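# Structural overview for review
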Amino acid sequence: GWAGAEFIQTYTAQSGYYPELAMTADGNAVAFWQQIDPGLNSTMWSNRYTAGVGWGIAEQVSNSSGFAYSHDVATDAAGNAIAVWGVSENTLYSLWFSRYDTVSGWSAPELLETQDSGNAYYARIVMDDAGNAMVVWLQSSGSINSLWARRYAVGAGWGPAQLIENDDSGNVSPPQLALDASGNVLVVWQQYNGSVYNIWSNRYRAGIGWGAAQTLDTVAGSASYPHLAMNADGTGVAVWQQQEGAYSIWSRRFE
């Protein structure tokens, strides 16, 4: 059953919000959260759980400039991790990342995207057992939100940012993504077409790249709130709600 509750922050004067968690198969975990001090400065913090030992000491991961928010974290089989978060600074919203190495700890924060012509929001990340990762986020052109992705490859670093949807008639909502054991990625999202919302998907094939985005819902009415799950063999299931007068729940399966 459940062990006793533990306090894993360091400063009780600072409020902790919105924890995210990633865990390895052997029980090691990384917690990552937003922390706001009484002066309303927001930074990102982390603590690591080692199986058989327990929680370590919380440490600040982001730098102190800007207002940090909207974060996610993923880990590989060895316990290495990548955390991503947004920063609001000087009216521009940008995305940052840091890598956690089980030997050297967290790296210095770096920009994940550099498109300063528009704001970037709501990054989500998945990572395979070998340490390769995929990040997907919303990027604003000033008038519309599009969906972008960037892949991290062990030994090579980050590849170029790529647009993974091409329907510019309406805004994209925050994505859901999932990963199989071979490093293939499925993404689903909600997108407005000018009159109704549809559910869209795209797939990244390891060693090949992204395919073409496609709609998943096939009946009239707005579709919303997609969720996605995927097993190690690459079979995925998406579910969403569909408005047909009343709301109903729909699903599609990917094999």
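Here's what I pulled together on the structure shown here. All of these numbers come straight from a predicted model, not from anything done at the bench.

### Focus: the overall build of the protein chain
- Secondary structure assignment for the protein chain yields zero helices and 23 strands.
- Its C-alpha atoms give the protein chain principal-axis dimensions of roughly 50 × 45 × 40 Å.
- In the protein chain, which comprises 255 residues, the proportion classed as buried is 48%.
- Of the contacts formed within the protein chain by residues at least 6 apart in sequence, a portion of 39% connects residues at least 24 apart.
- Carbon together with sulfur atoms contributes 51% to the accessible area of the protein chain, which is approximately 12,600 Å² in total.

### Regarding the pairing of strand β17 (residues 185-192)
- A large share of β17 lies buried, amounting to seven of its eight residues.
- By the bridge criterion, four bridges tie strand β16 (residues 176-179) to β17 in an arrangement that is antiparallel. The residue bridging Ala 178 from the neighbouring strand is Leu 186, located in β17.
- With antiparallel pairing between neighbouring strands as the criterion, β16 and β17 make up a hairpin whose turn holds five residues, including Gly 183 at a positive phi of roughly 90 degrees.

### Here's the deal with a nonpolar patch on the surface
- On the surface, a nonpolar cluster with roughly 250 Å² of combined accessible area is contributed by Val 237, Val 239 and Ile 249.
- The residue Ile 249 is located in strand β23 (residues 246-254) in this model.
- The exposure class assigned to Ile 249 is exposed, which follows from its relative accessible area of 69%.

### Points about the environment of Trp 96
- With respect to the secondary-structure elements, Trp 96 resides in strand β8 (residues 92-101).
- Judged by relative accessible area, Trp 96 falls into the buried class, the value being 16%.
- As a C-alpha pair, Trp 96 and Gly 86 span ten residues in sequence and 6.1 Å in three-dimensional space.
- Once you skip the residues sitting within four places of it in the chain, Trp 96 turns out to touch Asn 63, Ala 83, Val 84, Trp 85, Val 87, Pro 109, Glu 110, Leu 111 and Leu 112.
- A distance of 3.1 Å separates polar atoms of two side chains, one belonging to Trp 96 and the other to Ser 94.

### Here's the deal with the sheet that holds strand β21 (residues 223-230)
- Pairing is antiparallel across the open sheet formed by three strands, whose spatial order is β21-β22-β23. Each edge of the open sheet is held by one strand with a lone partner, namely β21 and β23. Looking at each pair of strands side by side, their axes are set apart by 20 degrees on average, direction ignored.
- Summarising the sheet, strand β22 (residues 236-244) and β23 pair through nine bridges and their orientation is antiparallel. Looking at the pairing, Val 239 lines up with Ser 251 of β23.

### With respect to the environment of Thr 10
- When you line up the elements, Thr 10 lands in the segment before β1 (15-23).
- Polar contacts involving the side chain of Thr 10 include one to the main-chain carbonyl oxygen of Ala 58, which spans 3.3 Å.

### Some thoughts on unusual backbone geometry
- A positive phi angle is found at Asn 90, which is not glycine, with a value near 55 degrees.
- Position of Asn 90 among the secondary structure elements: in the loop between β7 (81-89) and β8.
- The residue Tyr 122 is not glycine, and still its phi comes out positive at about 50 degrees.
- By the element assignment, Tyr 122 lies in strand β11 (residues 120-127).

What counts and what doesn't
Residues numbered from 1 in each chain as written. Predicted model: local features only at pLDDT ≥ 70, side-chain atom pairs only at ≥ 80, totals over all residues. Heavy atoms only, no water. Helix = DSSP H or I, 4+ residues; strand = E, 2+ residues; numbered from the N terminus. Buried < 20%, exposed > 50% of the residue type's maximum accessible area, 1.4 Å probe, protein only. Contact = heavy atoms within 4.5 Å. Areas by Shrake-Rupley, 256 points an atom, 1.4 Å probe, with all protein chains shown as cover. Pairing = 2+ DSSP bridges. Patch = residues over 30% accessible without salt bridge, like charges linked within 9 Å, V, L, I, M, F, W, Y side chains within 5 Å. Salt bridge = Lys/Arg side-chain N within 4 Å of Asp/Glu carboxyl O. Polar contact = N/O pair within 3.5 Å; in protein donor to acceptor, adjacent residues only side chain to side chain. Axes fitted to C-alpha atoms, helices over the stretch in contact; angles between N-to-C directions.

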